[in-house]
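One-letter residues, chain by chain:
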Amino acid sequence: MGQARSFEISKQVVWEAYKRIRANQGACGVDGESIQDFEVNLKDNLYKLWNRMSSGSYFPPAVRRVEIPKASGGKRPLGIPTVTDRIAQMVVKMYLEPKVEPCFHEDSYGYRPKKSAIEALGVARERCWRWDWVLDLDIRGFFDNLDHALLMRAVKKHTDCKWVVLYIERWLKAPAQLEDGTLVNRDKGTPQGGVISPLLANLFLHYALDEWMKRKYPEISFERYADDAVFHCVSERKAKALMVAIGERLAKCRLELHPEKTKIVYCKDDRRRGSYPNEKFDFLGYTFRPRGAVNRSGELFVGFNPAVSNDAVKSMRQTMRT
């Protein structure tokens with residue numbers, strides 16, 4: 001006799017999730033199994049996964065923790081799930097994303113269908129011409145410090161589907177396996193590298209930041225790409241007040257601004273005189289700063305514009321050498 005089915009999950013959805021994971025490829029998890037290995041017994045493996053998810057007996061294995069160098073120096077920790085776990089996460093993402101996506105803010109650009117980094121950069125560029133000041137925001141260790149209880153409250157606002165809630169809770173608690181094999185338990189954070197993590201991060205910041213901004217500061221425009229955000233202000237005084245207010249808001253959501261990386265920037269150009277300590281900022285691999293440009297009449301002028309950042313150029317060179 002087979003296990004009793006607790007949840008209605010269709011085999012077709014599991015198959016569709018597998019196809020999406022296959023298209024993305026990706027590294028091996030803790031079991032060392034590649035997509036190609038998984039496909040040796042494809043039908044069997046997908047049936048087992050469907051069976052476990054439908055009966056509530058699917059428990060995610062540990063994620064393999066690796067560290068990759070950041071363009072700005074230091075290391076970024078990634079958590080790589082197994083192939084099976086990536087497919088399971090995709091099943092939940094395919095169910096949850098259509099429910100939360102219509103609610104998200106129009107200026108949230110990260111990891112969303114029909115949104116892109118290039119679109120965010122274009123909007124930021126135009127707004128830097130319209131407003132003189134930018135608050136360049138950095139949240140310290142966002143993915144590592146995300147509060148589980150607050151995140152689950154946000155998830156439950158959008159679904160009462162028991163298996164979706166159950167599996168998200170299990171993924172949040174799944175341990176990380178270090179390179180030496182040590183298992184590290186997690187009581188906060190969601191691993192970068194997981195299929196479901198970007199959607200959960202957007203959902204968390206939708207309530208922690210985007211909705212709060214819409215309520216408290218509807219006149220201030222911003223662009224957010226996951227945990228990277230810039231806010232456009234009419235004056236330095238407004239930018240300073242906003243930085244304090246956002247710091248207090250994030251503290252209530254158990255997050256904090258990075259004290260060195262969060263800064264107020266003057267968008268200097270031909271029309272804007274005066275000198276200030278910060279007249280440039282980086283956003284999505286581009287540096288915004290005063291640059292020489294040519295107008296339609298062929299005259300030279302100084303505009304506040306983006307170009308590929310030095311860190312991004314170094315990374316490109318390294319990739320080309322490799």
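Being a predicted model, the structure only gives us computed values, none of them experimental.

About the thresholds
- Residues numbered from 1 in each chain as written.
- Predicted model: local features only at pLDDT ≥ 70, side-chain atom pairs only at ≥ 80, totals over all residues.
- Heavy atoms only, no water.
- Core = buried A, V, L, I, M, F, W, Y, C linked by side-chain atoms within 4.5 Å.
- Buried < 20%, exposed > 50% of the residue type's maximum accessible area, 1.4 Å probe, protein only.
- Helix = DSSP H or I, 4+ residues; strand = E, 2+ residues; numbered from the N terminus.
- Contact = heavy atoms within 4.5 Å.
- 1 Å grid on protein atoms, 1.4 Å probe; cavity = no way out; pocket = protein on both sides within 12 Å on 5 of 7 lines; lining within 4 Å.
- Points joined across faces, edges and corners; volume = space filled by probe spheres on them.
- Nonpolar A, V, L, I, M, F, W, Y, C, P; charged D, E, K, R; others polar.
- Pairing = 2+ DSSP bridges.
- Polar contact = N/O pair within 3.5 Å; in protein donor to acceptor, adjacent residues only side chain to side chain.

1. A short note on the nonpolar core
Next up, step 1: One finds Ile 87, Ile 168, Phe 231 and Ile 246 to be the most contacted residues of the largest nonpolar core, which totals 71 residues.
Next up, step 2: Tallying contributions element by element places helix H9 (residues 197-216) first for this core, with 10 residues.
Next up, step 3: With residues up to four places along the chain from it excluded, the contact list for Ile 168 reads Val 92, Leu 96, Met 152, Val 155 and Leu 200.
Next up, step 4: Counting residues in hydrophobic clusters, the runner-up holds 15 residues, among them Ala 124, Val 134, Ala 226 and Phe 304.

2. Observations regarding the layout of surface pockets
Next up, step 1: Put simply, the second largest pocket is a space of about 350 Å³.
Next up, step 2: Around the second largest pocket, the lining is made up of 20 residues, and of these Asn 24, Gly 193, Gly 194, Val 195 and Pro 198 lie nearest the centre.
Next up, step 3: Secondary-structure elements contributing two or more residues to the lining of the second largest pocket are helix H1 (11-24), helix H4 (83-100) and H9.
Next up, step 4: Of the residues belonging to the lining of the second largest pocket, the class tally is 10 nonpolar, 7 polar and 3 charged.

3. Thoughts on the sheet that holds strand E4 (residues 176-177)
Next up, step 1: The strand order across the open sheet built from 4 strands is E2-E1-E4-E5, with neighbouring strands paired in mixed fashion. Across the chains shown, the open sheet's two edge strands, defined by having one partner strand only, are strand E2 (75-80) and strand E5 (183-184).
Next up, step 2: As paired strands, strand E1 (residues 63-69) and E2 are joined by 6 bridges and run antiparallel to one another. Along E2, the bridge assignment pairs Arg 64 with Ile 80.

4. Digging into the side chain of His 158
Next up, step 1: Take His 158: it is sitting in helix H7 (residues 148-158).
Next up, step 2: The class of His 158 is buried, set by a relative accessible area of 18%.
Next up, step 3: A distance of 2.6 Å separates a polar atom in the side chain of His 158 from a polar atom in the side chain of Tyr 207.
Next up, step 4: Once residues within four sequence positions are removed from consideration, His 158 is found in contact with Lys 99, Val 100, Cys 103, Leu 203 and Tyr 207.

5. Comments concerning empty space enclosed by the protein
Next up, step 1: Tallied over the full model, the rule gives 1 cavity of 30 Å³ or more.
Next up, step 2: There is about 80 Å³ of room inside the largest cavity.
Next up, step 3: Residue lining of the largest cavity: 13 residues in total, with Gln 89, Trp 171, Arg 186, Pro 191 and Ser 197 positioned closest to the centre.
Next up, step 4: Broken down by secondary-structure element, the contributors of at least two residues to the lining of the largest cavity are H4, helix H8 (162-173) and H9.
Next up, step 5: Looking at the lining of the largest cavity, its residues break down into 7 nonpolar, 4 polar and 2 charged.

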